[in-house]
Amino acid sequence: MTFRAKILTIFPEIFPGFLGTSLTGRALKENIWSLDAVNIRDYAFDKHGSVDDTPCGGGAGMIMRPDVLGAAIEHQHNGEKIIYMSPKGKPLTQAKVRELSKLNELMIICGRFEGIDERVLEEYDIEEISIGDYILTGGEQAAMIMLDAIVRLLPGVLGNAASIENESFETQLLEYPQYTRPIEWKGRKVPEILLSGHHENVAKWQKEQALQITKQRRPDLLEKNT
Ligand code: SAH
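Residues numbered from 1 in each chain as written. Predicted model: local features only at pLDDT ≥ 70, side-chain atom pairs only at ≥ 80, totals over all residues. Heavy atoms only, no water.

Participant: How should I be thinking about the site of the ligand in this particular structure?
Facilitator: Y84, M85, E114, G132 and Y134 are the nearest of the 19 residues found near the ligand. For the ligand, a nitrogen atom lies 3.3 Å from a polar atom in the backbone of S86. Between the ligand and the protein, one listed contact pairs a nitrogen atom with a backbone N or O atom of I131 at 3.1 Å. Burial of the ligand by the protein chains amounts to 87% of its free accessible area of 560 Å². Considering each element in turn, the shell around the ligand owes the most residues, 4 residues, to strand β5 (residues 81–91). Along the lines of polarity and charge, the residues of the shell around the ligand split into 10 nonpolar, 8 polar and 1 charged. (Near = heavy atom within 4 Å. Polar contact = N/O pair within 3.5 Å; in protein donor to acceptor, adjacent residues only side chain to side chain. Areas by Shrake-Rupley, 256 points an atom, 1.4 Å probe, with all protein chains shown as cover. Helix = DSSP H or I, 4+ residues; strand = E, 2+ residues; numbered from the N terminus. Nonpolar A, V, L, I, M, F, W, Y, C, P; charged D, E, K, R; others polar.)

Participant: What is the right way to read helix α1 (residues 22–29) from this model?
Facilitator: An α-helix turns once every 3.6 residues. As a result, residues three or four positions apart point the same way. Listed as buried for α1 are T24, G25 and A27. Seen end-on, α1 carries its buried residues on one side only, within an arc spanning 160°. Looking at α1, the residues exposed on the side facing more than 90 degrees away from the buried face are S22 and K29. Check the buried side of α1 and you find it contacts β2 (33–39) and α5 (139–151). Of the residues flanking the end of α1, it is N31, one or two places downstream, whose phi is positive at about 65°. (Buried < 20%, exposed > 50% of the residue type's maximum accessible area, 1.4 Å probe, protein only. Arc of directions from axis to C-beta. Contact = heavy atoms within 4.5 Å.)

Participant: What is the right way to read the nonpolar core from this model?
Facilitator: For soluble globular proteins, the rule of thumb is that nonpolar side chains tend to be buried together. Among the nonpolar cores identified, the biggest contains 30 residues, and F3, W33, M85, L106, I108, M146 and L147 are the most heavily contacted of them. Of all the secondary-structure elements, those providing two or more residues to this core are β1 (3–9), β5, α3 (94–101), β6 (105–110) and α5. Take this core: its biggest share by element is 8 residues, from α5. The contacts of L147, once residues within four sequence positions are left out, are F3, A5, I7, L19, W33, L35 and I108. (Core = buried A, V, L, I, M, F, W, Y, C linked by side-chain atoms within 4.5 Å.)

Here's what the structure looks like:
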């Protein structure tokens, strides 16, 4: 089954962008997922394609109009979940990514300027998702990051499904350190235990390392676990 993503944006030309390369690009060609970037300007009421206006109550910047965005949503929506990329949204986590990857279709609204009129969020029961505590210039970048994370979880995208299981966040732990050849580089050796061929000891060492690194860097992840 194809995972269908519909993006509402004023910059449809930037899609698929980096999603067109590597694993996500191959999956796109193989129809594991599809991408439909819709230009919100096509739903403007004037010939200039105006989508924004000044904020009520004053303040800097412009706000995307509810009538234009609403027309785009109503014409394009087919019952799928709608997400608005927003710094005020729920933080995007791997658990959320996994949940979204189970859907068959998703509509994603990308804001620009100072964002969108609040009434749109209420009218269409839209979920707001943030990719982190910083402000981007537009929702397109955030949408691409979210889609990248979703698409790599779709069946058939990653060659080795086991590689997902041990990754940071999938276990609530950050990943243990990884090494490859050469065994010695600039005087630094790969930890002896990884060369022992003793799978049980290796697994134990990796678990300990993951726990230690998580304690040091992200103790909040361990608290969430309990
Ligand atoms: N004035 C807004 C920021 C607008 S940034 C505020 O202070 O909350 C312009 C657009 O970029 C937003 O509409 C949103 O779609 C997107 N955006 C910015 N930062 C984001 C983030 N951290 N996560 C997801 N989307 C973001």
